[in-house]
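A look at the structure
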Amino acid sequence: MNKKKIVFFIGFYPQIVGGAEFQARLIADNLRNNYEIVFISYGHKHNAVEYIDGFKVYKLSLKKFIFHRFTFYFFIYLKIRKIIKYEKPDLIYQRILNSFSFYISKISRTQKKPFVIHIADIKCLIFNKKSISSKVRKIFFKSINELQPNYICQTIEQQRLIENFRLVNTIVIPNIHNPIKFVNKKNITSNIVWIANVREFKQLELFIKLSQSLIEYRKFVFNVIGNINNDKYGKKLLKLLNESRVVYHGKKTNEWINNFLHDSLVLVNTSLPNSEGLPNTFIQSWLAGTPVISLNTDPNGYITKHNLGYYCSGNFECLIKSIIYVAEMPLVQYDILSNRCRDFAEHEFDVNTNISKINEFFKSSL
């Protein structure tokens, strides 16, 4: 019997690096025996079609970004429509609700293909009444929903926001991650770590400020991992980093990050409120037995409900106090906290359990 075919619309990991791309690739790797999976991957330098790691990948270039943005990606839409018409998938899956979702929902309707959108953050579901761009996004979101897509949410909060639009085709499934094996036992270290591909809403400048606020604690080593773009904001951050005590490691592989997290005291997150979904770095940190100290983000209430670190509800002073508290707790107490983080993550983000849920949702959408 021929396998059903799914088109994944998302950057192809590891050529396009980010949490959403990493999650989509994990899903594809674990469902490749059930389905024929084709990627439409955007963000490349050149248009191409390649077979990579057993997947057929259509690479789309956004080289003329300003032109495509000005034309609302219409010419990219024409390419996507042509590819989907040629591939004749049984289902279309998009990881990240964005401008392309409007076009793909139209393709889905005209070509009679079920469409699943996997929400990757919460900010795409929040609309500011005073912002023109937000009003436009809301109009397009309503248009997308009129075409009746199916939604996978990472968190209950995402599901609640979607269902405010009276939609019922939603399910909450946590992100997934393979268990991580470490050679050495975890110990209390002096590493305070911040990880992200840097964008303004991540507020890296607050982590730099945090390092300055703890200047008297010379034992702490503040570390930043992730790509910083060579734009105005990126140059400003690089200048701040060069003038600070923070060690900037740049972009690193997931394996390197996992090992560094294992050798860290805590992971710190400084993102704006309502900007994150379920960060992969949280999951990696917990799997490494490292608690998370978060300024504004507590997806599904994981941190507070399960005691996996400290959620500061926007209070910067709480970041300072929480780091000191963790650093000064007895080793036995830290071991309990570390083991709780690891045990929770291995259960909650188990690949087999959650892939099975995704597979059932795909089958019910077909």
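Source: prediction; values computed, not measured. (Residues numbered from 1 in each chain as written. Predicted model: local features only at pLDDT ≥ 70, side-chain atom pairs only at ≥ 80, totals over all residues. Heavy atoms only, no water.)

So, the overall build of the chain
Test applied: Segments assigned H or I by DSSP are reported as helices when at least four residues long, segments assigned E as strands when at least two residues long, and all are numbered from the N terminus. Here the term buried applies to any residue with accessible area under 20% of the maximum for its type, exposed to any over 50%, and partly exposed to those in between, with areas from a 1.4 Å probe on protein chains only. The contact rule is simple, with two residues in contact once any of their heavy atoms fall within 4.5 Å. Shrake-Rupley sampling with a 1.4 Å probe provides the accessible areas, and residues are treated as covered by the protein chains on show and by no other component. Charged residues are defined narrowly, with Lys and Arg counted positive, Asp and Glu counted negative, and His plus the chain ends left uncounted. We put the charge of a Lys on NZ, of an Arg on CZ, of an Asp on CG and of a Glu on CD.
Of regular secondary structure, the chain possesses 14 helices and 14 strands. Along the first, second and third principal axes, the C-alpha set of the chain runs to 60 × 45 × 40 Å. Counting only residues that meet the buried cut, the chain has 55% of its 366 residues in that class. Contacts in the chain between residues at least 24 apart in sequence constitute 67% of all its contacts with a sequence separation of at least 6. Counting every atom, the chain has about 17800 Å² of accessible surface; 52% of that belongs to carbon and sulfur. The average position of the 51 basic charges and that of the 28 acidic charges among the side chains of the chain differ by 9 Å.

Remarks on unusual backbone geometry
Note: most peptide bonds trans; most residues except glycine with negative phi. With omega at 15 degrees, the peptide bond leading from Tyr13 into Pro14 counts as cis. As for its position among the elements, Pro14 is in the loop between β1 (4-9) and α1 (19-31). Phi at Asn307 is positive, roughly 55 degrees, even though this residue is not glycine. Turning to its location among the elements, Asn307 is positioned in the loop between α11 (302-306) and β14 (309-311).

As for the sheet that holds strand β13 (residues 292-294)
Using the following cut-off: We call two strands paired when DSSP finds no fewer than two bridges between them. For helices, the fitted line uses only the C-alpha atoms of the stretch in contact; every axis is such a line through C-alpha atoms, and the angle between N-to-C directions lies from 0 to 180 degrees.
In space, the 6 strands of this open sheet follow the order β11-β10-β9-β12-β13-β14, with parallel pairing throughout. Each end of this open sheet is capped by a strand with a single partner; those strands are β11 (247-250) and β14. Adjacent strand axes in the sheet meet at a mean angle of 25 degrees when their direction is disregarded. Two strands pair when backbone bridges link them, and β13 and β14 are joined in this way by 3 bridges, in the parallel orientation. Directly across from Val292, in β14, lies its bridge partner Gly309. Taken strand by strand, helix α7 (residues 204-213) contacts β9 (191-195), β10 (221-225) and β12 (266-269), and its axis lies near 165 degrees from that of β10. Each of β9, β12, β13 and β14 is contacted by helix α12 (residues 316-328), which is oriented at about 165 degrees to β13, the strand it contacts most.

A look at α1
Stated precisely, the cut-off is as follows: For a helix, the expected span equals 1.5 Å multiplied by the residue count minus one.
In a regular helix each residue adds 1.5 Å, so 13 residues correspond to 18 Å; α1 covers 18 Å between its end C-alpha atoms and thus fits that length. Taking burial as the measure, the 13 residues of α1 include 10 buried ones, the bulk of the element. Those residues of α1 not exposed but buried are Ala20, Glu21, Phe22, Gln23, Ala24, Arg25, Leu26, Ile27, Ala28 and Leu31.

A word on the pairing of β11
Put simply, the rule is: When the strands point away from the viewer and the path from the first strand over the helix to the second turns clockwise, the crossover is right-handed.
The pairing of β10 with β11 spans 3 bridges and is parallel. Bridging across to β11, Ile225 finds its partner in Gly250. For the crossover that starts at β10, traverses helix α8 (residues 232-242) and ends in the parallel β11, the hand is right-handed.

Considerations on helix α13 (residues 331-348)
Just so we agree on the cut-off: The arc refers to the directions leading from the helix axis to the C-beta atoms.
For α13, which comprises 18 residues, the first-to-last C-alpha distance of 26 Å matches the rise-based estimate of 26 Å (1.5 Å per residue) to within 8%. Within the span of α13, buried status applies to Tyr334, Leu337, Ser338, Cys341, Phe344 and Ala345. All buried residues of α13 fall inside an arc of 135 degrees around its axis, so they share one side. Across from the buried face of α13, at angles greater than 90 degrees, the exposed residues are Val332 and His347.

Brief notes about the packing of aromatic side chains
Heads up, the rule is: Each Phe, Tyr or Trp ring (for Trp, its six-membered ring) is paired with any other whose centre lies within 6.5 Å, and the angle between the two planes then decides the class: stacked below 30 degrees, edge-to-face above 60, tilted in between.
Counted under the stated rule, the structure contains 32 aromatic pairs. Here the aromatic rings of Phe8 and Tyr93 are separated by 4.6 Å at their centres, their planes lie at 50 degrees, and the arrangement is tilted. Separated by 85 residues along the polypeptide, Phe8 in strand β1 and Tyr93 in strand β5 (residues 91-95) bring together distant segments of the chain. Residue Phe8 shares its accessibility class with Tyr93, and that shared class is buried. Centre to centre, the rings of Phe344 and Phe349 are 6.0 Å apart; their planes meet at 85 degrees, and the pair counts as edge-to-face.

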